[in-house]
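Below are the chains, spelled out letter by letter.
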Amino acid sequence: MSTTEGMQRRLREAGLRVTRPRVAVLAAVADHPHADAGELLAAAREQLPDVSHQAVYDSLHTLTAAGLVRCIQPSGATARYETRVGDNHHHLVCRSCGAIVDVDCEVGEAPCLTPADDHGYAVDEAEIVYWGLCPECRATTTE
Ligand SMILES: [Zn+2]
Ligand SMILES: [Zn+2]
């Protein structure tokens, strides 16, 4: 479990005001990597039973904008959140059940892939999603 003190420190270091919803949401994201907003609302309410929907969504937005939380949105899926930021890691997504796992970046710094032709853009990031079937779904579909 993530400590409240640790979460408060991260908020302060990012220059954010420490509020109870922010602490609860940051802890929820840290404890449930790749959860969506609905799952995070439920997790935040375990710590802060009376926290509003709106406060959780606002906190997620603020934490993401401050770089404490990374938002990923595989096409066709709901946005997911994680506190593993700044290491340029990628994701494996299951087409069948939507399970997401982290894949370390081979290069470790952005952009780890360069386009064949950058069309004059200054590229600073490549976000890679590997699609496939997770082991559980493979096991059930090959039966
Ligand atoms: Zn699956
Ligand atoms: Zn991740």
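This one's a predicted model, so the numbers in the text were calculated from it and none came from an experiment.

1. Some remarks on the domain arrangement of the protein
On domain assignment, one finds that the protein holds domain 1 (4-72) and domain 2 (86-142). Taken over C-alpha atoms, the centre of domain 1 sits 24 Å from the centre of domain 2.

2. Let's talk about the pattern of salt bridges
Enumeration over the complete set of coordinates arrives at 5 salt bridges. A salt bridge links R84 to D87; the nearest nitrogen and oxygen atoms lie 2.5 Å apart. R84 sits in the partly exposed class, given a relative accessible area of 29%. Between R84 and D102 there is a salt bridge; the shortest N-O distance is 3.3 Å. Separated by 18 residues along the polypeptide, R84 in the loop between β3 (80-82) and β4 (90-94) and D102 in strand β5 (residues 100-103) bring together distant segments of the chain. Three or more residues joined by partner-sharing salt bridges are found here, namely R84, D87, D102 and D104.

3. With respect to the coordination of the zinc ion (ligand 2)
Only H34 (NE2), E82 (OE), H89 (NE2), H91 (NE2) and D102 (OD) from the protein coordinate the zinc ion (ligand 2), and they sit 1.8 to 2.2 Å from it. Coordination of the zinc ion (ligand 2) draws on donor residues from a single chain, spaced H-x47-E-x6-H-x1-H-x10-D in sequence. Linking H91 in strand β4 with D102 in strand β5, this pair joins segments that are 11 residues apart in sequence. Relative accessible area serves as the criterion here: at 3%, H91 is assigned to the buried category.

4. Remarks on the coordination of the zinc ion (ligand 1)
Donor atoms from the polypeptide that coordinate the zinc ion (ligand 1) comprise C94 (SG), C97 (SG), C134 (SG) and C137 (SG), at 2.2 to 2.3 Å from the metal. Every donor residue of the zinc ion (ligand 1) comes from the same chain, spaced as C-x2-C-x36-C-x2-C.

5. Digging into the side chain of R22
For R22, the location among the structural elements is in helix α2 (residues 20-31). Buried and unpaired, R22 has D58 as its nearest opposite-charge partner, separated by 8.3 Å. Among residues more than four places away in sequence, those in contact with R22 are L11, L16, R17, S59, T62 and L63.

6. Section: α2
Over its 12 residues, α2 extends 16 Å from the first C-alpha to the last, a length consistent with the 16 Å expected when each residue adds 1.5 Å. Turning to α2, the residues buried within the fold contact α1 (4-13), α3 (37-47), α4 (53-65) and β3.

7. Side note on a nonpolar patch on the surface
Taken together, the side chains of L92, V101 and Y130 define a hydrophobic patch exposed on the protein surface, amounting to about 250 Å² of accessible area. On the secondary structure map, L92 appears in strand β4.

8. Observations regarding the sheet that holds β5
Ordered by their spatial adjacency, 3 strands build an open sheet running β5-β4-β6, and the pairing between neighbours is mixed. Single-partner strands in this sheet number two, and they are β5 and β6 (129-132). Across the sheet, the mean angle separating the axes of adjacent strands is 25° when strand polarity is ignored. Pairing analysis gives 4 bridges linking β4 to β6, with the strands arranged parallel. Note on β6: the bridge partner recorded for H91 is V129.

Calculation criteria
- Residues numbered from 1 in each chain as written.
- Chains lettered and ligands numbered in written order.
- Predicted model: local features only at pLDDT ≥ 70, side-chain atom pairs only at ≥ 80, totals over all residues.
- Heavy atoms only, no water.
- Domains from an automatic or database assignment.
- Salt bridge = Lys/Arg side-chain N within 4 Å of Asp/Glu carboxyl O.
- Buried < 20%, exposed > 50% of the residue type's maximum accessible area, 1.4 Å probe, protein only.
- Helix = DSSP H or I, 4+ residues; strand = E, 2+ residues; numbered from the N terminus.
- Donors = N, O, S within 2.8 Å, 3.2 Å for Na, K, Ca; no water.
- Lys, Arg positive; Asp, Glu negative; His and termini not counted.
- Contact = heavy atoms within 4.5 Å.
- Expected span 1.5 Å × (residues − 1).
- Patch = residues over 30% accessible without salt bridge, like charges linked within 9 Å, V, L, I, M, F, W, Y side chains within 5 Å.
- Areas by Shrake-Rupley, 256 points an atom, 1.4 Å probe, with all protein chains shown as cover.
- Pairing = 2+ DSSP bridges.
- Axes fitted to C-alpha atoms, helices over the stretch in contact; angles between N-to-C directions.

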